[in-house]
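The chain contents come next:
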Amino acid sequence: MNRRYLLDNQQSEAGVRFGALAELFDPVTFRHVDRLGIGKGMRCWEVGAGGPSVPLGLAERVGPTGSVLATDIDVSWTQGIADGVIEVLTHDVAADPPPAPPGGFDLVHARLVLVHVADRAEALRRMVQALKPGGWLLLEDGDPMLLPLLFPDESGPEQQLANRLRTGFRTLMAERGADLAYGRTLPRALRDAGLKEVHADAYFPITSPACAVLEDATVRQVRHHLIDRGLATDEEIDRHLAGVATGQLDVGTAPMISAWGQRP
Ligand SMILES: C[S@@+](CC[C@H](N)C(=O)[O-])C[C@H]1O[C@@H](n2cnc3c(N)ncnc32)[C@H](O)[C@@H]1O
């Protein structure tokens with residue numbers, strides 16, 4: 001199995017994808033962060049940060065006396081935001097020793113990361129270990145199999161083509177070890193890890209301009225994989241991107257499940 005992360009952060013589309021993910025999911029993430037009472041002076045670990053928006057939002061809440069550690073296997077899109085509150089570190093959550101600030105973290109958060117990590121059970125164990133007693137783990141992950149279609153309303157040829165390309169994209173993810181039904185397992189995983197006060201909910205974008213931006217950047221990013229693997233032709237991809245660009249299609253994306261629990 002090829003375990004390399006499919007949506008490589010080195011490609012320029014990664015920045016566009018992070019912007020679209022922020023627009024779609026930051027309000028959900030910070031609704032949870034605020035409900036958990038994350039505030040001044042606290043210490044947070046943002047795992048697989050990707051773009052800058054979540055570390056910056058956390059820093060706004062905990063600074064200037066608290067701290068935010070933003071880690072990723074590729075920190076190209078966050079390294080510029082390091083300051084007195086935010087520290088940025090290249091780190092593989094499943095392989096590298098967990099950072100251990102004295103006393104542990106008040107919040108460890110990972111969004112749309114574990115679904116891509118082949119050894120996700122080990123990653124989760126390390127995140128729990130890094131919490132202080134009373135600290136919160138907030139995990140947010142997609143569950144593409146809850147809504148396998150990009151267009152649940154498959155009303156015409158453009159929608160059918162898009163759904164077929166989406167199946168191809170999922171094949172590529174699965175071949176790299178992604179668990180496409182991972183989101184729904186989060187509450188059980190948190191409980192099994194010994195956390196208490198476990199809750200979960202889901203955010204289900206049906207359509208939004210940010211979904212179209214995300215789809216365009218994602219397809220451009222994996223285009224050569226789809227073609228090399230025989231899952232789509234150049235012509236089909238061009239036709240799909242042209243359809244998305246019209247702004248007339250109700251492009252959606254996979255639901256995101258948020259689950260949180262507290263270390264006793
Ligand atoms: C889909 S992006 C999500 C980015 C961001 N969390 C968000 O929600 O906008 C997944 C991120 O996880 C990172 N990643 C993948 N495998 C990782 C690993 N083993 N350890 C740390 N980060 C990882 C990727 O580099 C990428 O930045």
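Residues numbered from 1 in each chain as written. Predicted model: local features only at pLDDT ≥ 70, side-chain atom pairs only at ≥ 80, totals over all residues. Heavy atoms only, no water.

Undergrad: Can you lay out the packing of aromatic side chains for me, pointing to particular residues and giving the numbers?
TA: A complete count under the given rule lists three aromatic pairs for this structure. Seen from their ring centres, Phe 25 and Tyr 203 are 6.0 Å apart, and the 90 degrees between their planes marks the pair as edge-to-face. Of the two residues, Phe 25 sits in helix α1 (residues 13–35) while Tyr 203 sits in strand β6 (residues 196–203), which places them 178 residues apart along the sequence. In this structure Phe 25 comes out as buried when scored by relative accessible area, which is 3%. Assessed through its relative accessible area of 32%, Tyr 203 is described here as partly exposed. Its guanidinium or amino end placed over the ring of Tyr 182, Arg 120 lies 5.4 Å from that ring's centre, counting from NZ or CZ. (Phe/Tyr/Trp six-rings, centres within 6.5 Å; stacked < 30°, edge-to-face > 60°. Helix = DSSP H or I, 4+ residues; strand = E, 2+ residues; numbered from the N terminus. Buried < 20%, exposed > 50% of the residue type's maximum accessible area, 1.4 Å probe, protein only. Lys NZ or Arg CZ within 6 Å of the ring centre and 35° of its normal.)

Undergrad: Could you give an account of the nonpolar core, with specific residues and numbers?
TA: Among the nonpolar cores identified, the biggest contains 27 residues, and Trp 45, Val 108, Leu 114, Met 127, Leu 137, Leu 139 and Leu 190 are the most heavily contacted of them. At the level of elements, β1 (43–47), β4 (105–111), α3 (120–129), β5 (131–142), α5 (186–192) and β7 (256–262) are the ones that each hand at least two residues to this core. In terms of residue count, α3 provides more of this core than any other element does, four residues in total. With residues up to four places along the chain from it excluded, the contact list for Leu 139 reads Ala 110, Leu 114, Leu 124, Met 127, Leu 186, Leu 190, Ile 257, Ser 258 and Ala 259. In terms of nonpolar packing, the next biggest core, distinct from the first, is built from 21 residues, Leu 58, Val 62, Val 68 and Val 85 among them. (Core = buried A, V, L, I, M, F, W, Y, C linked by side-chain atoms within 4.5 Å. Contact = heavy atoms within 4.5 Å.)

Undergrad: Provide a residue-level description of the environment of Ala 181, including the pertinent values.
TA: For Ala 181, the location among the structural elements is in the loop between α4 (157–175) and α5. Separated by 155 residues in the primary sequence, Ala 181 and Asp 26 have C-alpha atoms spaced 22 Å apart. For Ala 181, the residues in contact, after removing those within four places along its chain, are Asp 143 and Met 145.

Undergrad: Explain the site of the ligand residue by residue, including any values.
TA: Inspection of the region around the ligand gives 17 residues, with Gly 48, Asp 72, Asp 92, Val 93 and Arg 111 positioned closest. Within the side chain of Asp 72, an N or O atom sits 2.5 Å from an oxygen atom of the ligand. The separation between an oxygen atom of the ligand and a polar side-chain atom of Arg 111 is 2.6 Å. Contact with the protein chains covers 96% of the free accessible surface of the ligand, which is 590 Å². (Near = heavy atom within 4 Å. Polar contact = N/O pair within 3.5 Å; in protein donor to acceptor, adjacent residues only side chain to side chain. Areas by Shrake-Rupley, 256 points an atom, 1.4 Å probe, with all protein chains shown as cover.)

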